[in-house]
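Listed here are the chains, written in short residue letters.
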Amino acid sequence: MRVRFAPSPTGALHIGGVRTALFNYLLARKHGGTFILRIEDTDQSRFVPGAEEYIINALKWLDIMPVEGPGIGGDYGPYRQSERKTLYKEHVDHLLKNGQAYIAFDTPEELATKRETSVNFQYGPATRAEMRNSLTLGEAETQTLIDVGTPYVVRMKIPDNRNIIVDDIIRGKVSISSNELDDKVLMKADGMPTYHLANIVDDHLMKITHVIRGEEWLPSAGHHVLLYDFFGWTDTMPRFAHLPLILKPDGNGKLSKRDGAKFGFPVFPLSWNAENAADSFHGFDEFGFLPQAVNNFLALLGWNPGTEQEIFSLEELTALFSLEKINKAGARFNFDKAKWFNQQYIMAMDNAGLSKLVRPIIEKNVKSPDEDFLQKFCGLMKERVTLLTDFWTNGNYFFQDIELYDTEKIKKSWKPENRPRFEKMLEKVAEIEHFTSEAVESCVKTYLLEENLKPGEILPIWRLALCGSMQGPAVFDMAALLGKNETLKRWDAGMAYFDTILQNA
């Protein structure tokens, strides 16, 4: 088994393309096959510098790297289509010689005029006789135009009244009438092939056995089956599998790269910085997602293992994956579900592993924290975050002074006349020799019993003093991690601030 992921380097890799790469990877790995990366850069007008590197970095981040491709090597290279022009020219000449393709000289302006004057114009069997091409001009005039440098394209000559069967693993047998197809351009005026020619030639020469791609390519599959027939390659034609669309959250239409900015979520694996802000996007990585969670989330967009299980390692996905279990219907992009997956993976990680991922986020804001402290912090916070970035957003008070207090909670919970009680309690806390969570809790609860106080009179103030709000880990766990000195310092600062709030109320 040999499969390929063949993106165009026209910008950031959309999450739909990532899912296609993932499904190719899973299928090849399950069957002991080969996963190939091929860069389809034949459209030089849309080429974006840095896009190829972005694609490779994204696959590396997701841990679904191909074993053949640009910069990787392999026996079927080169793996950039721009470096395979000679091969395409040979195959175009074969089609021209056999009368399965023809040369067309129609200018863009002539084609635009034709489309304006003819409703639903399609360059094909019904209209090619009206156009300026080698079929209407004859061999001599065609050669003359070529000799004087007249720009031309090579078009595929679609046969009349042909029933074409596309055997799709996901959708079954799809019947297409050749009368509905246009004469696709196979080679452009600049000598570069179009997708329709290049992907057929490359898939054949690279011995691709399965073509897994988005359903937007299904309408072109009829052309591709015909090309396999024209070249006499029907016996080695790969199996097709056209994946369902990833839909917008409301289910209305395909998820686009602009939807990320519109809805406030990432649609690319990594951030992409373009020349202008409108074309720059944040990625799943920078949002705070783990790659394992992204793979798990994407795998279930259109594929269903047939069980209630939702959390799958890459190894488990590989073992269970099959093209036959992919749905035909589009799958809605549910960002809340994506975050849920991420949360599950964060909670399951060990503290040492998490600290490696969280450290760069913390160090963007404060000086490098002690490793033991950071690991304990991760342990306290990992069940209270959804994204890696939440470790700082929700827990920055562990690394710096409290920036914001919940004043409404302070007004409800703080009574200045109780200050002597808190000061007496803190005197006892200051005497704790081994400042552990258990020791602090025991000390405070003993004090509550001695003073006949209820936990509700004391513990909310503890939380407000330590982190400024009613959120966060268990109070005594926070105190133990902060340490005795910092805990007492925050109590002093907190009580002074609480008094000020009530005075100004």
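Going by the structure above, here's the rest.
Here is a short report on the structure shown in this document. Because the structure is predicted, anything quoted here is derived from the model rather than measured.

Calculation rules
- Residue numbers here run from 1 along each chain, matching the order of that chain's written sequence.
- Given that the model is predicted, a residue must reach a pLDDT of at least 70 before its local features are reported, and side-chain atom pairs must reach 80 or more before they are shown or counted; all residues, however, enter totals for whole chains, interfaces and linings.
- Side-chain measures were taken over the full set of non-hydrogen atoms in the model, leaving aside hydrogen atoms and water.
- Here a helix means four or more residues in a row that DSSP labels H or I, a strand means two or more in a row labelled E, and each is numbered from the N terminus.
- With the radius of gyration taken over C-alpha atoms, the globule rule is written as 2.2 Å times the number of residues to the power 0.38.
- Exposed residues in this analysis have more than 50% of their type's maximum accessible area, buried residues have under 20%, and partly exposed residues fall in between, with area computed by a 1.4 Å probe over protein chains only.
- Contacts are assigned to residue pairs that have any heavy atoms within 4.5 Å of one another.
- All tallies of charge rest on Lys and Arg as positive and Asp and Glu as negative; His and the ends of each chain are not included.
- We put the charge of a Lys on NZ, of an Arg on CZ, of an Asp on CG and of a Glu on CD.
- Helix span is expected to be 1.5 Å times the residue number reduced by one.
- In this description, one arc is meant: the one made by directions from the helix axis to the C-beta atoms.
- Within 3.5 Å is the distance limit for a polar contact, defined as a pair of N or O atoms, with the added protein rule that one can donate a hydrogen and the other accept it, and that residues adjacent in sequence qualify only through two side-chain atoms.
- Helix axes use the C-alpha atoms of the stretch in contact, all axes being lines fitted to C-alpha atoms, and the angles between their N-to-C directions lie in the range 0 to 180 degrees.
- Roughly parallel means an angle under 35 degrees; roughly antiparallel, over 145; roughly perpendicular, 65 to 115; everything else is oblique.
- The crossing is said to be left-handed when, going from far helix to near helix, the turn is anticlockwise and less than a right angle, and right-handed when the turn is clockwise.
- Salt bridges are identified by distance alone: a Lys or Arg side-chain nitrogen within 4 Å of an Asp or Glu carboxyl oxygen.
- Two rings belonging to Phe, Tyr or Trp (six-membered ring only in the last case) form a pair when the distance between their centres is within 6.5 Å. Interplanar angles under 30 degrees mark stacking, angles over 60 mark edge-to-face geometry, and anything in between is tilted.
- A pair of strands is considered paired only if DSSP assigns at least 2 bridges between the two.

Next up on the list: the overall build of the protein. Helices and strands together make up the secondary structure of the protein, namely 22 helices and 11 strands. Against the globule reference of 23 Å for 505 residues, the protein gives a C-alpha radius of gyration of 32 Å, more extended than a compact globule. Each principal axis of the C-alpha atoms in the protein carries an extent, and together these give about 110 × 45 × 35 Å. Taking all 505 residues of the protein together, the buried fraction comes to 50%. Contacts spanning at least 24 positions in sequence make up 71% of the contacts within the protein whose residues lie at least 6 apart. In the protein, the 58 positive side-chain charges and the 69 negative ones have mean positions that sit 3 Å from each other.

Our focus in this paragraph is the environment of A21. With respect to the helices and strands, A21 occurs in helix α1 (residues 15-30). Take A21: its relative accessible area is 0%, and that puts it in the buried class. Through-space distance from the C-alpha of A21 to that of A189 is 31 Å; in sequence the pair is 168 residues apart. Ignoring anything within four residues of it in the chain, the contact list for A21 reads F5, F35, L59 and I64.

Here helix α13 (residues 335-348) contains 14 residues, and its C-alpha end-to-end distance of 20 Å stays within 8% of the 20 Å for a straight helix at 1.5 Å per residue. Burial in α13 covers these residues: F335, A338, F341, N342, Y345 and I346. Within α13, the buried residues cover an arc of 135 degrees as seen down the axis, which keeps them to one side. Opposite its buried face, α13 presents the exposed residues D336 and A348, each directed more than 90 degrees away. If you follow the buried residues of α13, they end up packed against α10 (284-287), α11 (291-299), α14 (351-363) and α16 (390-395). A side-chain oxygen of the first residue of α13 lies 3.1 Å from the backbone nitrogen of D336; this N-cap is N334.

All right, on to the packing of helix α19 (residues 437-451) against helix α21 (residues 475-482) then. Direction vectors running N to C along α19 and α21 enclose 125 degrees, while the axes themselves pass 8 Å from each other. When the axes of α19 and α21 are compared, the pair comes out oblique. Every pair of crossing elements has a handedness; the one defined by α19 and α21 is right-handed. Here S437, V440, E441 and V444 of α19 lie close against α21, whose contacting residues are F476, D477 and A480.

A separate point is the pattern of salt bridges. For the coordinates displayed, the defined rule picks out 31 salt bridges. Between R29 and E315 there is a salt bridge; the shortest N-O distance is 3.6 Å. Placement of R29 in helix α1 and of E315 in helix α12 (residues 314-320) is noted, with a sequence separation of 286 residues between them. Note that D93 and K89 form a salt bridge whose closest N and O atoms lie 2.9 Å from each other. Of this pair, D93 and K89 both sit in helix α3 (residues 85-97), 4 residues apart, roughly one helical turn. Connected through salt bridges with shared partners, the residues R4, R38, E40, R84, D202 and D203 form a single ionic network.

A word on the packing of aromatic side chains. Under the counting rule described, the total for this entry stands at 35 aromatic pairs. On the numbers, 5.2 Å between centres and 75 degrees between planes, the contact of W340 with F341 is edge-to-face. Take W340: its relative accessible area is 30%, and that puts it in the partly exposed class. By relative accessible area, F341 is classed as buried at 2%. Aromatic side chains W462 and F476 sit 5.8 Å apart centroid to centroid with 65 degrees between the ring planes, which places their arrangement in the edge-to-face category. Here W462 is found in helix α20 (residues 455-467), whereas its partner F476 is found in helix α21, with 14 residues between them in sequence.

So, on to the sheet that holds strand β4 (residues 153-156). Spatially, the 3 strands line up as an open sheet ordered β3-β4-β7, and their pairing is antiparallel. Each end of this open sheet is capped by a strand with a single partner; those strands are β3 (101-104) and β7 (185-187). Neighbour to neighbour, the strand axes of the sheet diverge by 45 degrees on average, direction disregarded.

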